[in-house]
Amino acid sequence: MKHFIIFYCCLFFSCSSKVDTKLPEFSDESESIMNASGEEPSIEAVYYTNSDIIHRILKNKSKANQTELRGRLVDVKSSPETKLLSAGVLACLNDQAGQEFLIRGCRDSNDFNVVQNHFWILGHLEWFLPYDENNVRQKINMKWAEPLMLEMLTKQKYFEIPNRSPAYDRRDLAIYSSEGDFIEILAKMKSEKLYPILVDLWESKGSNEILIGIKELEDRRAIPMLLEILRSKKNDGYRFASYALVKMNVREAIPILLDNLNDSDTYYSLSKFKDERILPALIKTLPNLNGYALGSAKLLIIELNDQDKLPQLISLANDPNHKNKSETYNAITQLKDARSIPFALELLITSPRLSDRHYAIDILQAFPQSAEAIKGLIDILDFNFQSLAVGKE
């Protein structure tokens, strides 16, 4: 009997092991609300449905799983979605079969939907990777895809799509972040061949993704072009050109930005430059500003001057004409100054705007052990919030 029990225990654990290690099947369906219309699910929606399975496979990194995934690539019974997800997982494992599958689909297919799905998978392989023990997403080496991505950004290929005119340029699939996002990937890789391609694309496409790529690439050859875009605001690229110039610390941009203080996009970039010219220019121009530009200027003046910041921010937050309320509340929250507790408690029971009360809670959360904050919250537990008039959000 003893041997019989041992035999069945061994058999049980052996079977359990096989069940636990069996490679799960991918679902071709989408659980996302994006598919609520009844249309075919996008590859992005299918990815989200299978993301937990993908992460488990990549955490395990089993050779047996790799072999089965390779088999799914050539199995005639595998759906296109299963093949794409399998290729993506294999590519993350630096498996040549998965890499070549994605390359072929991007380069050789004449079917727009096939190319679009392959571009999306290739451009979002980083999403496939699980997080490590520090909740940081693992990295993937995309060097194998560099020649393909450069080719897709340079070679025109047009798709005739029903009810769409003009024909769709494959390069757009490579450019846009919702599709291939190849520019950002190549820029983060510091691809040596990317810069001249970006210049050509800016002249022909004028897409903001191109300027984002230049920012990531940090190629100083782009400085004259970026300064010109900043001066002319060509193709609505002002904001993204300024971000790129800030990242490269191009101080020649400061006078141009100071000439555009009526544009609220100016202020983020100015805040990143530490320059003595900025504060006097803001103070001088303040009477000529209005709306969000005025609010942004006041916030930046508070950030740059040497005075006690909290009273200035509270005064600004209490100004009924101040437009930039959320930015002001965030600035108060970031100070983590206990003197802001009475202000936050008062805001909770006086503002008719629900969003204001959410910001008040954010301010108070910085003081989880404050007796003043705890007592104040207890005191207003019985407050009738319905008595506050409903304000516009």
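Look up: the structure comes first, before these words.
Regarding unusual backbone geometry
With a phi close to 50°, Lys-61 is a non-glycine residue in the positive phi region. Residue position: Lys-61 is located in the loop between helix 2 (43-60) and helix 3 (63-74). According to the relative accessible area criterion, Lys-61 is exposed, its value standing at 51%. Positive phi values are uncommon outside glycine, yet Glu-218 reaches one of about 55°. In this fold, Glu-218 is placed in the loop between helix 12 (208-217) and helix 13 (223-232).

Re the packing of aromatic side chains
Taken as a whole and assessed by the stated rule, the structure comprises 13 aromatic pairs. Residues Tyr-48 and Trp-127 carry aromatic rings whose centres are separated by 5.9 Å and whose planes lie at 45° to one another, so their mutual orientation is tilted. With Tyr-48 in helix 2 and Trp-127 in helix 7 (residues 125-128), this residue pair connects regions lying 79 residues apart in the sequence. In this structure Tyr-48 comes out as partly exposed when scored by relative accessible area, which is 42%. The partly exposed category is assigned to Trp-127, whose relative accessible area is 28%. Where Phe-112 meets Phe-159, the ring centres are 5.6 Å apart and the plane angle is 70°; that geometry is what we call edge-to-face. In this pair, Phe-112 sits in helix 6 (residues 112-123) while Phe-159 sits in strand 1 (residues 158-159), placing the two residues 47 residues apart along the sequence.

Some details on the nonpolar core
With 94 residues, the main nonpolar core has Leu-122, Leu-125, Phe-128 and Leu-153 as its most contacted residues. If we ignore the near neighbours within four places in the chain, the residues touching Leu-125 are Gly-88, Ala-91, Cys-92, Leu-102, Ile-140, Met-142 and Trp-144. If you look at the next biggest cluster of nonpolar residues, it comprises 21 residues, including Leu-299, Leu-345, Ala-360 and Leu-364.

Here's the deal with the pattern of salt bridges
Inspection of the entire model under this criterion finds 22 salt bridges. Between Arg-231 and Glu-228 there is a salt bridge; the shortest N-O distance is 3.9 Å. A residue pair is termed a helical-turn pair when its members lie 3 or 4 positions apart in one helix, as Arg-231 and Glu-228 do in helix 13 at 3 residues. Note that Asp-275 and Arg-277 form a salt bridge whose closest N and O atoms lie 2.8 Å from each other. Relative accessible area serves as the criterion here: at 18%, Asp-275 is assigned to the buried category. The network of salt bridges with common partners includes Asp-169, Arg-171, Asp-172 and Lys-205.

Rules behind the numbers
Residues numbered from 1 in each chain as written. Predicted model: local features only at pLDDT ≥ 70, side-chain atom pairs only at ≥ 80, totals over all residues. Heavy atoms only, no water. Helix = DSSP H or I, 4+ residues; strand = E, 2+ residues; numbered from the N terminus. Buried < 20%, exposed > 50% of the residue type's maximum accessible area, 1.4 Å probe, protein only. Phe/Tyr/Trp six-rings, centres within 6.5 Å; stacked < 30°, edge-to-face > 60°. Core = buried A, V, L, I, M, F, W, Y, C linked by side-chain atoms within 4.5 Å. Contact = heavy atoms within 4.5 Å. Salt bridge = Lys/Arg side-chain N within 4 Å of Asp/Glu carboxyl O.

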